[in-house]
Amino acid sequence: MKKIVVLTGAGMSAESGISTFRDSGGLWEQHRVEDVATIEGYIRNPKLVLDFYNERRRQLPLVKPCRGHELVAALEQYYDVTVVTQNVDDLHERAGSTKVIHLHGELMKATSTRSPNNPTQIQTLTQEHMDIHIGDKAADGSQLRPFIVWFGEAVPKIEEAAEESMKADIYIVIGTSLNVYPAAGLLQYVAPETPVYLIDPKDVPWTSGHRYTHIKKGASAGMEELLELLTKDL
Ligand code: APR
């Protein structure tokens, strides 16, 4: 089976009702990144950060995968698909995607403040236990924190994502402004002859040398068009 890698960002979940970061009305218009999405902000005011993620986590049971998520999952009937997402929601998994690499962490997981990437410290939150409060402890006794990669922290899964990108026979980019590294740099690992498709209603600053086909639509309509294109000769 040919291999497809799908790199997704906040625009992938926009049609599920989850706001993006940099569009008008995006999350970074309502909150200062340095206060809620940096390790310094967490150390300075952990309660503010815990509450920011508690608020975003509470939204998850209220939203569902959009058609775009479902069509990305449907690609698995025809291709070996790896989703590399910058999103921390669980919508790709809920739509049926079976191989999802979360570069920036997962909203439904919590970990230790002392050693956030120690696998023995990562725990899955449940509908019954969604919020993290000051005083909640990880297994190692340190304050429990969201399993989210903040600005200024390492992105442990970037090597795995680069490996996957090197092996892609087809590369699809959906709903990311390609503003944030190292995620935005993954295109440099894609072989020059690999066809690249961008699904985004807007133009995106494109720094990689790859030629690409821009399907200037939302995630759902764009995936309808691309799935048709990628399966018509199968
Ligand atoms: N369908 C597809 N794409 C869309 C849609 C839609 N319905 N609506 C908006 N978009 C596009 C926007 O045009 C934009 O290019 O989605 C992109 C969203 O860009 P950002 O808000 O910058 O989100 P993202 O690229 O995922 O941000 C990367 O920044 O703040 C950090 O950790 C955070 O993972 C996030 C990272």
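Participant: Explain the site of the ligand residue by residue, including any values.
Facilitator: Close to the ligand lie 23 residues; Arg22, Trp28, Thr176, Ser177 and Asp200 are nearest. Separating a nitrogen atom of the ligand from a backbone N or O atom of Gly11 is a distance of 3.3 Å. At 2.8 Å from an oxygen atom of the ligand is found a main-chain nitrogen or oxygen belonging to Phe21. Protein contact buries 92% of the 740 Å² of open area that the ligand shows by itself. Residue composition of the shell around the ligand, grouped by class: nine nonpolar, nine polar and five charged. Counting the residues that make up the shell around the ligand, at least three belong to each of domain 1 (1-17 + 66-104 + 155-234) and domain 2 (19-62 + 109-148).

Participant: Pulling in residues and values, what's your account of the pattern of salt bridges?
Facilitator: Using the criterion set out here, one finds 19 salt bridges in the structure. A salt bridge links Lys167 to Glu164; the shortest N-O distance between them is 3.5 Å. Exposure remark for Glu164: the relative accessible area of 6% places this residue in the buried category. One network of salt bridges, with partners in common, ties together Lys3, Asp80, Lys99, Glu164 and Lys167.

Participant: So what's going on with the nonpolar core? Residues and values would help.
Facilitator: In terms of nonpolar packing, the biggest core is built from 24 residues, with Tyr53 and Trp150 touching the most fellow members. When contributions to this core are tallied by element, the ones reaching two or more residues are helix 2 (27-30), helix 5 (46-59), strand 4 (105-112) and strand 6 (144-148). Once residues within four sequence positions are removed from consideration, Tyr53 is found in contact with Val36, Ala37, Leu107, Pro146, Ile148 and Trp150.

Participant: Summarise unusual backbone geometry; cite the residues concerned and give the values.
Facilitator: Cis rather than trans, the peptide bond between Tyr181 and Pro182 has omega equal to 5°. Here Pro182 shows up in the loop between strand 7 (170-174) and strand 8 (196-199).

Participant: I'd like a rundown of the side chain of Thr20, residues and numbers included.
Facilitator: Structurally, the position occupied by Thr20 is in the loop between helix 1 (11-14) and helix 2. Residue classification places Thr20 among the buried positions, given a relative accessible area of 11%. In terms of polar contacts, Thr20 uses its side chain to reach the side chain of Asp23, at 2.9 Å. Excluding anything up to four places from it in sequence, Thr20 contacts Ala10, Gly11, Ala14, Gly26 and Leu27.

Participant: Please give an account of the domain arrangement of the protein chain that cites residues and values.
Facilitator: The domain architecture assigned to the protein chain consists of domain 1 (1-17 + 66-104 + 155-234) and domain 2 (19-62 + 109-148). When each unit is reduced to the centre of its C-alpha atoms, the spacing between domain 1 and domain 2 is 25 Å. Of the roughly 870 Å² buried where domain 1 meets domain 2, counting both sides, 58% is carbon and sulfur surface. Seen at the junction of domain 1 and domain 2, the total is one salt bridge. Summed over the shared surface of domain 1 and domain 2, the number is two residue pairs in polar contact (both at pLDDT 80 or more). The residue inventory of the side of domain 1 that touches domain 2, partitioned by class, reads five nonpolar, five polar and four charged.

Participant: Can you break down the sheet that holds strand 2 (residues 80-85) residue by residue, with the values?
Facilitator: Strand order in the open sheet formed by six strands is 3-2-1-7-8-9, with parallel pairing between adjacent strands. With one partner strand each, in any of the chains shown, strand 3 (100-102) and strand 9 (213-215) form the two edges of the open sheet. Each neighbouring strand pair of the sheet contributes to a mean axis angle of 20°, computed without reference to strand direction. Sitting on the sheet, helix 9 (residues 219-231) touches strand 1 (3-8), strand 7, strand 8 and strand 9, and the angle it makes with strand 8 is about 155°.

Basis of the calculations
Residues numbered from 1 in each chain as written. Predicted model: local features only at pLDDT ≥ 70, side-chain atom pairs only at ≥ 80, totals over all residues. Heavy atoms only, no water. Near = heavy atom within 4 Å. Polar contact = N/O pair within 3.5 Å; in protein donor to acceptor, adjacent residues only side chain to side chain. Areas by Shrake-Rupley, 256 points an atom, 1.4 Å probe, with all protein chains shown as cover. Nonpolar A, V, L, I, M, F, W, Y, C, P; charged D, E, K, R; others polar. Domains from an automatic or database assignment. Salt bridge = Lys/Arg side-chain N within 4 Å of Asp/Glu carboxyl O. Buried < 20%, exposed > 50% of the residue type's maximum accessible area, 1.4 Å probe, protein only. Core = buried A, V, L, I, M, F, W, Y, C linked by side-chain atoms within 4.5 Å. Helix = DSSP H or I, 4+ residues; strand = E, 2+ residues; numbered from the N terminus. Contact = heavy atoms within 4.5 Å. Buried area = accessible area lost by both parts, 1.4 Å probe. Pairing = 2+ DSSP bridges. Axes fitted to C-alpha atoms, helices over the stretch in contact; angles between N-to-C directions.

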